Amino acid sequence: MDQGLWITVDRYLTDTLLPPDYQMENALEANACAGLPAIDVAPNQGKMLNLIARVQGSRRILEIGTLGGYSTIWLARALPADGKLITLELDPKHAAVAQANMQRTGLASLVDIRVGPAVESLEKLHAENSGPFDFVFLDADKPNYPVYLDWAVKLSRPGTVILTDNVVRDGAIVDKNNKDERVQGTRAFLEKLGNHPRLDATAIQTVGSKGYDGFALAVVKP
Ligand code: SAH
Ligand code: DHB
Ligand code: MG
């Protein structure tokens, strides 16, 4: 594995395909200043999320795992003026940094940050009849991925896209005896995805500035 080359190629792709983006750079800087871990999606991955949401015509987006809102900005930018993105975050400090980033990017009116354990927020969203969402981005605590998948389907409609980050984790997911609950959670998630009667799914491995990992893509069947 040559992470140096992956980083160089990521930089080349980003410099070649993505215009300079001060809003995005400022958000990353604000996150770093606040001491948040740099576990956001990479710029070229964020743009990929943005493009998939646009291709799908997403008007209502659900994100599980906000951090400082870097992926949130990419996704919210895909929305029409009357669209909505609801993002769920456990840590009030992360949520506050994200809220400031939404204000600075002018996206605050489109984005609703709900603070607390995502499972509780999801129950509330369901009780409020907040669904269905057109696009779900799953990127929070990995042990709960199977639970989040059930909620994503519950809050979906036929055609809803469910995109999930970090499904490969340096290849650890092929080790069925791995003791890490994040690895076991991701394995249980992938098995659930593969066996789900209402979902059509695939996953791809990725390398780049964020290391060796992967995305799973699913669509809710008609
Ligand atoms: N989507 C972000 C990165 C999210 S990192 C981006 O790409 O920019 C994962 C986030 O999930 C962290 O901020 C973490 O605090 C949050 N998280 C962890 N456990 C959670 C839970 N039970 N409910 C909601 N959020 C949780
Ligand atoms: C971690 C979480 C993420 O969502 C990610 O993209 C990378 C790392 C983590 O918890 O370590
Ligand atoms: Mg992630």
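Residues numbered from 1 in each chain as written. Chains lettered and ligands numbered in written order. Predicted model: local features only at pLDDT ≥ 70, side-chain atom pairs only at ≥ 80, totals over all residues. Heavy atoms only, no water.

**Points about the nonpolar core**
Within the largest apolar cluster, 30 residues are counted, with the highest numbers of intra-cluster contacts made by Leu62, Ile64, Leu88, Leu122, Tyr148, Ile162 and Phe189. Within the residue set of this core, elements represented by two or more residues are strand S1 (60-64), strand S2 (84-89), helix H6 (118-127), strand S4 (135-138), helix H7 (145-154), helix H8 (181-195) and strand S7 (211-220). Among the elements that make up this core, the one with the highest residue count is H7 (six residues). Setting aside anything within four residues of it in sequence, one finds Ile64 in contact with Leu88, Ala118, Leu122, Phe137, Leu138, Asp139, Ala140 and Tyr148. Ranked by size, the runner-up nonpolar core spans 27 residues in total, among them Ala98, Leu110, Ile113 and Leu163. (Core = buried A, V, L, I, M, F, W, Y, C linked by side-chain atoms within 4.5 Å. Buried < 20%, exposed > 50% of the residue type's maximum accessible area, 1.4 Å probe, protein only. Helix = DSSP H or I, 4+ residues; strand = E, 2+ residues; numbered from the N terminus. Contact = heavy atoms within 4.5 Å.)

**Thoughts on the site of ligand 2**
In the vicinity of ligand 2, the contacting residues are Ile39, Asp139, Lys142, Asp165, Asn166 and Arg169. Note that an oxygen atom of ligand 2 is positioned 3.2 Å from one of the side-chain N or O atoms of Asp165. Between ligand 2 and Asn166, the relevant distance is 2.7 Å, taken from an oxygen atom to a side-chain nitrogen or oxygen of the residue. When ligand 2 is considered free in solution it has 290 Å² of accessible area, and contact with the protein chains removes 69% of it. (Near = heavy atom within 4 Å. Polar contact = N/O pair within 3.5 Å; in protein donor to acceptor, adjacent residues only side chain to side chain. Areas by Shrake-Rupley, 256 points an atom, 1.4 Å probe, with all protein chains shown as cover.)

**Examining the coordination of the magnesium ion (ligand 3)**
Ligation of the magnesium ion (ligand 3) by protein atoms is provided by Asp139 (OD), Asp165 (OD) and Asn166 (OD1), these donors lying 2.0 to 2.1 Å from the ion. Sequence positions of the residues that donate to the magnesium ion (ligand 3) give the spacing D-x25-D-N. One end of the pair, Asp139, is in the loop between S4 and H7; the other, Asn166, is in the loop between strand S5 (161-165) and H8, with 27 residues separating them in the sequence. Each member of the pair, Asp139 together with Asn166, is buried. (Donors = N, O, S within 2.8 Å, 3.2 Å for Na, K, Ca; no water.)

**A closer look at the packing of aromatic side chains**
Evaluation of the coordinates by the stated rule reveals one aromatic pair. We note Arg77 situated over the ring of Trp74; from NZ or CZ to the ring centre the distance is 5.4 Å. In this arrangement the basic side chain of Lys154 is found over the ring face of Trp151, its NZ or CZ atom lying 4.4 Å from the centre. (Phe/Tyr/Trp six-rings, centres within 6.5 Å; stacked < 30°, edge-to-face > 60°. Lys NZ or Arg CZ within 6 Å of the ring centre and 35° of its normal.)

**A short note on unusual backbone geometry**
Residue Pro132 follows Gly131 across a cis peptide bond; omega there is -5°. Within the secondary structure, Pro132 sits in the loop between H6 and S4. Within the chain, Leu67 stands out as a residue other than glycine whose phi angle is a positive 50°. Here Leu67 shows up in the loop between S1 and helix H4 (70-76). Taking relative accessible area as the criterion, Leu67 reaches 10% and is therefore assigned buried. In this structure, Asn129 is a non-glycine residue whose phi angle is positive, near 60°. Here Asn129 is to be found in the loop between H6 and S4. Note on Asn129: relative accessible area 67%, which makes it exposed.

**Remarks on the pairing of S4**
Of the two faces of S4, the one holding Phe135 and Phe137 and the one holding Val136 and Leu138 are both buried throughout. The pairing of S4 with S5 spans four bridges and is classified as parallel. Along S5, the bridge assignment pairs Leu138 with Thr164. The parallel pair S4 and S5 is bridged by H7, and the resulting crossover is right-handed. (Pairing = 2+ DSSP bridges. Right-handed = clockwise from strand over helix to strand, strands pointing away.)

Scope: geometric values only; no functional claims are made or implied.
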